[in-house]
Amino acid sequence: MASVGEEGIVNLMSARKSLKANLEKSKALGLSLQKAGPRLEEINQRLPGLEAAVRPIRAQRDALDAVGGHINKAVVPAAAVLKVFDAIHGLEKSLSDPQSDLSGYLKVLDNLQEALQFLSDNCGMAIEWLDDIVEYLQDNNVADKRYTCSLKKALDYLKELQNEEKGRLDGGLLEAALDRLEGEFRRLLTENSIPLPMSSSPLKEEQACISPSPLPVPVIKKLQEILGGLIANNRLEKCKSIYVDVRSSIVRASLRALNLDYLEISVSEFNNVQNIEGYIANWSKHLEFAVKHLFEAEYKLCNDVFEKLGLDVWRGCFANIAAQAGMLAFLQFGKTVTESKKDPIKLLKLLDIFASLNRLRLDFNRLFGGAACAEIQNLTRDLIKRVIEGASEIFWELLLQVELQRQAPPPPDGSVPRLVSFITDYSNRLLGNNYKPILNQVLAIERSWKHEKFQESLLHDELLNLVRAIELNLDSWSKAYNDTILSYVFLMNNHWHLYKYLKGTKIGTLLGDQWFREHQDYTEYYSTIFLRESWGKLPSHLSREGLILFSGGRATARDLVKKRLKAFNEAFDTIYKKHSNWVLLDKDLREKTCHLIIQAIVPVYRSYMQNYGPLVEQDSSASKYAKFTAQSLEKMLNSLFMPKPVRHGSFKVRQHSSKFSNGVEEQLSPPTPTIASA
């Protein structure tokens, strides 16, 4: 039993030892397996590449033999494309600044364009060949699918780029280079374009000549070189835009010195401006300067810069410059004048505008005659049409407007109605050298549009009719006075005015000598009646009846003298007070009339006072009867009929048509009186 137990223990110990040894081995094996895991993962990751590497061994022999030729065929042009692409980026440093070396910059730009053209022509072919070899590799299982798929995606992206603009092929280098060239184009224009110096009086002798080209010849040549480079890349429109923007701003700067704010005036403002004639005079000068100096220079410069590109290009640029620089504003101002209220003065304004446009007709036709200037042509034609129709309408309505004034009241002081002084001067202005040729031309054109003939005699007849209408107005106005004596003053005033201020004038020549003799006779006639019916009655108050040798006694004689002096003084005061409010406008007529009054009264009064004055001078109330001396009477009479300060007035024209205004607000400076109500 003991031996059996010992044997079991030995077996147990042996088994224990064996189990312990196996346990140690299991631990060691576990550690080994733990260490082998990452290595197995690495091997697993390398297996696909290894598989791809050994795939050609598994591919068919003929496919393996042909793959080398396909690869060489695709790689050679692709390598050439890459070489050119590298060369393109090598040009980048040479395209940094066209200002320092424009010619060199343009040469490098040409090289860049040639390189890009090569890329454009060959890149597609290289992509197609690479695409062919990828398909060959896929079809013949010569390469791993993941590898060929990656190549396929890259080639598809290259195809997309190929379909876009070629600028993408150089990473935008060409576009940047062209932008710099545009910048140089603008810089050359801006730095070499200087506003034309001018004063507020633009037509001085030193500025009377046509301005030379405003850019130096070397600058123009550089601009033309830049244009060549930009046009080759479809940037002509951008160049034109830059050119128009810069040059129009220069012209506007030149015009700003002339203070052209009045060009923006509205019709309502125009009707209320007193010195509008000054605006129109300035408009004529400024328009002539702008056309003959500024736009003439721009016309030549556009031709110089764009001459190689054809007529349409440079004339289109000039048309845009003219429109943007202010030509349209000049024409719009003229249109505003035609839309203003209708009055006789407006006729002169319209004739001034027509004269200005007519003087510039040849310049307009040459500068703005092309199709590109259609807007300026249309506005100019419309303006001329408005001017001719407006001027003709006013002229042919003048007679009617004078006749309508016949119902207006005459001037309360018996002076010359402003309508009379205006029409007499107005007629002579229309017949003068400044306006007659223009008016004849305007009326002839207007008649030709109606297929009617115009003769100069029509103008003469119409103006003579105006004078005759004035004569009829005078007759009507004279009858409107309640005071007959005042009507004599009125007629004397006006017949003398017609005689003196029309004699020796253009309209006076048409009226003839007989007409003047009649008005001179009328003046003398009404002067005589005026004197007889007014001042001529005063001497009768100084009768000597009953005073000869003091037949009734000295006291009686004194009473008679007092009574007669009192009657004289009262009559004198009454007439003097009334006549002090009356006016004889002409100095010669006034002095002559006063002299006649003095001759009719003062000698009689002096003689009377010398003979009978002593009878009352000793009386305590002498000053009541001997109020005047001969000298004081003469002084008082010489002060009669003096003109009052001129007031601003208006010729209130009655509405005959919706276009005729209510009157002329401005007052013409002498010798052109303003038309006013009678």
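Asks: Help me out: how do you make sense of the packing of aromatic side chains in this one?
Replies: One pair of aromatic rings is described through two measures. These are the centre distance and the angle between the planes. Here the structure, examined in full by the defined rule, presents 25 aromatic pairs. For the pair Phe395 and Trp396, a centre-to-centre distance of 5.0 Å together with 75 degrees between the ring planes defines the contact as edge-to-face. Take Phe395: its relative accessible area is 0%, and that puts it in the buried class. An angle of 70 degrees between the planes, with centres 6.3 Å apart, marks the rings of Tyr499 and Phe516 as edge-to-face. Of this pair, Tyr499 sits in helix H18 (residues 484–502) while Phe516 is found in helix H20 (residues 513–533), placing the two residues 17 residues apart along the sequence. A single burial state applies to Tyr499 and to Phe516, both of which are buried. An aromatic cluster of at least three residues, connected via ring pairs, comprises Phe295, Tyr299, Trp314, Phe318, Phe364 and Phe368.

Asks: Would you explain the confidence of the model for the protein chain in this entry?
Replies: Here the protein chain averages 80 in pLDDT, while 72% of its residues score no lower than 70. Every residue in residues 200–210 is under pLDDT 50, and counting partners more than four places away or in other chains gives 21 contacts. Considering only residues more than four positions removed or in separate chains, one finds that residues 648–678, a stretch of pLDDT under 50, has 97 contacts.

Asks: Where do I start with the side chain of His286 in this structure?
Replies: When you line up the elements, His286 lands in helix H9 (residues 276–306). Exposure remark for His286: the relative accessible area of 3% places this residue in the buried category. For His286, the side chain forms a polar contact with the side chain of Tyr262, separated by 2.8 Å.

Cut-offs used in this document
- Residues numbered from 1 in each chain as written.
- Predicted model: local features only at pLDDT ≥ 70, side-chain atom pairs only at ≥ 80, totals over all residues.
- Heavy atoms only, no water.
- Phe/Tyr/Trp six-rings, centres within 6.5 Å; stacked < 30°, edge-to-face > 60°.
- Buried < 20%, exposed > 50% of the residue type's maximum accessible area, 1.4 Å probe, protein only.
- Helix = DSSP H or I, 4+ residues; strand = E, 2+ residues; numbered from the N terminus.
- pLDDT = per-residue confidence, 0-100.
- Contact = heavy atoms within 4.5 Å.
- Polar contact = N/O pair within 3.5 Å; in protein donor to acceptor, adjacent residues only side chain to side chain.

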